[in-house]
Amino acid sequence: MGKTRSLICRGLIPLLAWVIPCHFIMAHGHGDPADERAIWEWSPEEIKKEVTRVRAGRDLTPESWPDDGRVAVSLSFDVDTEPVWMGFQEQSSPSYMSRGEYGARAGMPRVMALLKKHDIPATFFIPAMSMELHPQIIPMIKKNPRNEFGFHSYVHENPMRLLPSQERSVYLKAMKIFEKHVGKKPVGFRSAAWDLTESTIEIVKEMGFLYESSMMADDRPYALISKGVDTGLIELPVEWILDDWPLFQISWPSSHVALRNAEDVYSIWKDEFDGAYDEGTIYILTMHPQVIGHRYRIAMLDRLITYMKSKPGVWFATHEEIARHVKAASEK
Ligand SMILES: [Zn+2]
């Protein structure tokens, strides 16, 4: 499995590697690349050990949210621009990269205008190279001092393809660029693959992050456990159904843009919000300015925010504000 996996992930089957994220192919992988045994040949102990490498710990939903909130809503925008095509999708031709350019050039102004209209903050996870390529987005985001900048790789490289030493050094390189543009360190980490290598948690801990936002074990915030030990990191989980990329961008099995009706996405996202509201937990959306920033999609997001604001007790916050509140409440 190890050899096949690495061949696919190294692009010898480029179409498959494009359509299927490498972390999907690696879902049955395991820690020892030299171990070529099929999964059914493993012992129960070996399978349990593999499963428990990263797990969800305590539910960290607090008793209450600030501002008499019944639910915490946080919008995140991953400003991936060209790097997501170059680094993750391995498509560096002009047309693919122009989609990324669209995110900075057309998408971001629409996103910022919508947030301003509703007077709500957001969290922006930005690869370091997006900052270098489009430095004008930084002052746009800083206009609202509540907005948060989160860490999101160097050039949207796939960490599942990096050795531990490479992953560490590329994140340190990215951090220098991040600090140069933002003026301070981030507290939030989001993996470019929405997945963690054997080393990611250790590196993220070393770098001093407060929270992680790439896992999917719950709809509620939770303590992130690694190899049976509480890492001290707060997990703010994500979900593919709450992400504009698979809903609008990828059309299986073609690599072209999905022509999804915005009403379908509105229906999913509204019902998910209603559930989060009833449960009193969190509602986190992941969006990309190059995807959500198209006109009919921004109009849908406008309607969704308007709907959420029509309910009493909706606390719009950044991921950092939620993580800090959750952490303080869990220590009481
Ligand atoms: Zn991304």
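Coordinates for the structure precede this section.
Calculation rules
Per chain, the residues get numbers from 1 upward, laid out in the order the sequence is written. Reporting of local features is limited, given that this is a predicted model, to residues whose pLDDT is at least 70; pairs of side-chain atoms are given and counted only at 80 or more, and all residues count toward the totals for whole chains, interfaces and linings. With hydrogens and water set aside, each side-chain value is computed from the structure's full complement of heavy atoms. Between any two strands, pairing holds if DSSP finds at least two bridges. By the criteria applied, helices consist of DSSP H or I runs no shorter than four residues and strands consist of E runs no shorter than two, each listed in order from the N terminus. We call a residue buried when its accessible area falls under 20% of the maximum for its residue type, exposed when it is over 50%, and partly exposed in between, using a 1.4 Å probe and counting protein chains only. Any pair of N or O atoms that falls within 3.5 Å is considered a polar contact. Within protein, one atom must be able to donate a hydrogen and the other to accept it, and sequence-neighbouring residues count only if both atoms are side-chain atoms. Sodium, potassium and calcium take a 3.2 Å donor cutoff, other metals 2.8 Å, and in both cases only N, O and S atoms count; water is not among them, so sites may look incomplete. Tetrahedral means four donors with every angle between 85 and 135 degrees, whereas square planar (four donors) and octahedral (six donors) require angles over 155 degrees between opposite donors and between 65 and 115 for all others; sites fitting neither are termed irregular.

### Concerning the pairing of strand β8 (residues 229–235)
Note that strand β6 (residues 211–212) and β8 share 2 bridges and pair parallel. Its bridge partner being in β8, Glu212 is matched across the sheet by Glu235. Of the pairings in the sheet, the one linking strand β7 (residues 222–226) to β8 comprises 4 bridges and is antiparallel in character. In the strand pairing of β8, Ser226 is matched with Val229. Counted along the chain from β7 to the antiparallel partner β8, the turn is 2 residues long, and its residue Lys227 has a positive phi close to 50 degrees.

### Quick notes on the environment of Tyr283
Tracing the chain through its elements places Tyr283 in strand β9 (residues 282–287). Judged by relative accessible area, Tyr283 falls into the buried class, the value being 1%. Spatially, the C-alpha atoms of Tyr283 and Val73 are 4.8 Å apart, while their sequence positions differ by 210 residues. There is a polar contact of 2.8 Å between the side chain of Tyr283 and the backbone oxygen of Trp269.

### Here we look at the coordination of the zinc ion
For the zinc ion, the protein coordination sphere consists of Asp80 (OD), Asp80 (OD), His152 (NE2) and His156 (NE2), at 2.1 to 2.7 Å. Bound by 4 donor atoms, the zinc ion shows angles of 51 to 132 degrees at the metal and therefore irregular coordination geometry. Motif for the zinc ion, donor spacing along one chain: D-x71-H-x3-H. Of this pair, Asp80 sits in the loop between β2 (71–78) and α5 (83–88) while His156 is found in the loop between β4 (148–151) and α9 (164–182), placing the two residues 76 residues apart along the sequence. Taking relative accessible area as the criterion, Asp80 reaches 3% and is therefore assigned buried. The exposure class of His156 is buried, given its relative accessible area of 3%.

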